[in-house]
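Given next are the chains, with one letter for each unit.
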Amino acid sequence: MTPRADPAGFILANTRIHAVPHAPEIRLHLADEAMELWQKTEDDLGALGLPPPFWAFAWAGGQALARYILDTPELVAGRRVLDFATGSGLVAIACAKAGAAHVLACDIDPFAKAATRLNAALNGVPLEVSDADLLQSDPPQVDVLFAGDVFYEKPMADRVLPWLDRARAQGSDILIGDPGRSYLPKERLTRLATYDVPVNRSLEDNTIKRSSVFRLCPSGPQN
Ligand SMILES: C[S@@+](CC[C@H](N)C(=O)[O-])C[C@H]1O[C@@H](n2cnc3c(N)ncnc32)[C@H](O)[C@@H]1O
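Now for a quick tour of the structure.

Conventions adopted
Residues numbered from 1 in each chain as written. Predicted model: local features only at pLDDT ≥ 70, side-chain atom pairs only at ≥ 80, totals over all residues. Heavy atoms only, no water. Near = heavy atom within 4 Å. Polar contact = N/O pair within 3.5 Å; in protein donor to acceptor, adjacent residues only side chain to side chain. Areas by Shrake-Rupley, 256 points an atom, 1.4 Å probe, with all protein chains shown as cover. Nonpolar A, V, L, I, M, F, W, Y, C, P; charged D, E, K, R; others polar. Core = buried A, V, L, I, M, F, W, Y, C linked by side-chain atoms within 4.5 Å. Buried < 20%, exposed > 50% of the residue type's maximum accessible area, 1.4 Å probe, protein only. Helix = DSSP H or I, 4+ residues; strand = E, 2+ residues; numbered from the N terminus. Contact = heavy atoms within 4.5 Å. Phe/Tyr/Trp six-rings, centres within 6.5 Å; stacked < 30°, edge-to-face > 60°.

Among the 18 residues in the neighbourhood of the ligand, the closest are listed as Trp59, Gly62, Ala85, Asp107 and Gly148. Within the backbone of Ala85, one N or O atom sits 2.7 Å away from a nitrogen atom of the ligand. Expressed as a share of its isolated accessible area of 600 Å², the protein-covered part of the ligand is 95%. Grouping the amino acids of the shell around the ligand by side-chain chemistry returns nine nonpolar, four polar and five charged.

Right, let's get into the nonpolar core. Among the nonpolar cores identified, the biggest contains 39 residues, and Ile69, Val76, Cys95, Leu127 and Phe146 are the most heavily contacted of them. Counting residues per element, the ones that place at least two in this core are β2 (23–30), α3 (60–71), α4 (90–97), β4 (102–106), β6 (144–148) and β8 (189–198). Apart from residues no more than four positions distant in its own chain, Leu127 is found in contact with Ala92, Ile93, Ala96, Val103, Thr116 and Ala120. Core analysis: the second largest hydrophobic core is formed by 24 residues, Phe151, Leu161, Ala167 and Leu189 among them.

Further remarks concern the packing of aromatic side chains. Each aromatic ring pair is described using two quantities: the centre-to-centre distance and the angle formed by the ring planes. Scanning the model with the defined rule gives seven aromatic pairs in all. Ring geometry for Phe10 versus Trp55: centroids 6.3 Å apart, planes at 75°, classification edge-to-face. Here Phe10 is found in helix α1 (residues 7–14), whereas its partner Trp55 is found in the loop between α2 (37–45) and α3, with 45 residues between them in sequence. The exposure classification of Phe10 matches that of Trp55, with both residues buried. Summarising the aromatic geometry, the rings of Phe54 and Tyr152 are spaced 5.4 Å apart at their centres and angled 40° between planes, so their arrangement reads as tilted. Pair noted here: Phe54 is in the loop between α2 and α3 and Tyr152 is in the loop between β6 and α6 (154–169), with a separation of 98 residues, a long-range link. Judged by its relative accessible area of 32%, Tyr152 is partly exposed.

Below you can see the structure in the form of structure tokens.
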């Protein structure tokens, strides 16, 4: 069976269960250094037109958000939340564990949808998971919207920021987790917390990435 026909089977065959380094309360199906999944996917799945396996890693921005949510459960307890660009589902799972009333996790990669479902089951939490491109319509009405590690390339950043602004104008609280990627809109953010996050050496330039949780603000320099 091709990976495209059986994403869950591909994920289970190419990952191992690991505790998330900076949020060990959560376990995920992740690639490790030994698995070279990124390269395998570039070679094998790239030929099939599939994107890189973002879903197989707990990215620095997502780990920072997950830590913040688990340590500040009142932020989401009893509230409706969206984890935009969920990847593995890490931030969404943190929200569910912290007592969110409803968690929607979205990512346009169907493998991320499958990974998020597997990871939600692994952690015993209920999530709604979607692979629709939510950027093409008005943001859903949620109390808190999370975006972990989404400012790594310009085309995406150019689409995401105006959409987050629309969500903010609708009344959502917007929290961003990021290690200082190139297109992070720093001038629009208030920093809430900073952590030294262990990351995958094969993907990043270091084994630790200093990463922060920010709140999106209306305009002007914050701090
Ligand atoms: C660097 S990963 C971050 C994943 C996760 N938030 C984390 O921090 O571990 C970026 C994710 O953005 C997703 N993505 C890209 N464009 C998207 C879009 N238009 N809507 C939703 N997700 C998108 C990718 O599929 C990928 O899973």
